[in-house]
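What follows is the residue order along each chain.
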Amino acid sequence: MATLRSFGAQARREILLETLRANGGIRLEAAAEQLGVSVMTVRRDLDELDAEGLLRRVRGGAVPVSGARPFSERHSTGRAAKTRIAEKASSLLPGAGSVAVDASTTAGGLAAHLSPTGPLTVATNSYENFAALNANKDLSPILIGGELDDRTGSFVGLIACQAAHAMLYSRFFASAYSLDADNGSSEVSLAESQVKRAFAERSREIVLLVDSSKLGQQALAVGFAWHEIGILVTELDPLDTALDPYRDLVELL
């Protein structure tokens, strides 16, 4: 492979993420040789990708991020992408009626964009997202209770599923841990997936909010098949070639 010295940091990081997906890990020395840069440069790139939540630094390199992460940790990663996704998805928010928002920090970013013209109820299984929604006095937020998952700060379990299933929603705004062209969305937690499905079963449309770092990935629990997803919103331009595998499967925004 040709060296990428002249392509700059962004090109290097894209190659590093490609390597991570293909090999399941990154070794500092091998990556430096592949990229034609110093080990120190690769270490700096990996540190920045770790800070964005796109991988996990370990001694001598990096490994994929795995397992559920706390809300506070997820909130601080990928902020630019999440902000752009929320801005784009704001055009899909109704002025009145009812919607559901999952426990993701990506969907939680919609709270700042809700400007109801009539009574608007927003249900969520995240206390943090509920608190953000509750700050808007024009909304009627509902917190779906249940068993608290200490890892994610979300409410899950039978009671959460029953409560989510007890209302009707025009749209369900949900994120996903991973997304791939063959299987649709997937989640790291079976319990989280079950609550999302309960929301979805009572929604007219599912709007999936996913940043591009999750494309082409798979996780443990089945989420939504492509025929169930109405709209896919990413931070990318809909014409970006990274979205080509999904272009015939779903409406892109």
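Residues numbered from 1 in each chain as written. Predicted model: local features only at pLDDT ≥ 70, side-chain atom pairs only at ≥ 80, totals over all residues. Heavy atoms only, no water.

Chemist: Which parts of the structure should I look at to understand the environment of glutamate 87?
Modeler: Its location among the elements puts glutamate 87 in helix 5 (residues 79-89). Sequence separation between glutamate 87 and alanine 112 is 25 residues, and the spatial gap between their C-alpha atoms is 9.4 Å. (Helix = DSSP H or I, 4+ residues; strand = E, 2+ residues; numbered from the N terminus.)

Chemist: Looking at this structure, how should I read the sheet that holds strand 9 (residues 171-174)?
Modeler: On the basis of which strands lie adjacent, the open sheet formed by seven strands has the order 6-5-4-9-12-14-15 and parallel pairing. In the strand order of this sheet, the two ends are held by strand 6 (140-143) and strand 15 (251-252), each with one partner. In this structure, strand 9 lies alongside strand 12 (residues 206-209), joined through three bridges in parallel fashion. Across the sheet, residue phenylalanine 172 finds its bridge partner in strand 12, namely isoleucine 206. Its contacts with the sheet put helix 5 on strand 9, strand 12 and strand 14 (231-233), and the angle it makes with strand 14 is roughly 140 degrees. In this fold helix 9 (residues 190-201) packs onto strand 4 (97-101), strand 5 (120-124), strand 9 and strand 12, with an angle of close to 155 degrees to the strand it touches most, strand 9. (Pairing = 2+ DSSP bridges. Contact = heavy atoms within 4.5 Å. Axes fitted to C-alpha atoms, helices over the stretch in contact; angles between N-to-C directions.)

So far we have only geometry, and geometry alone does not tell us how the molecule works.
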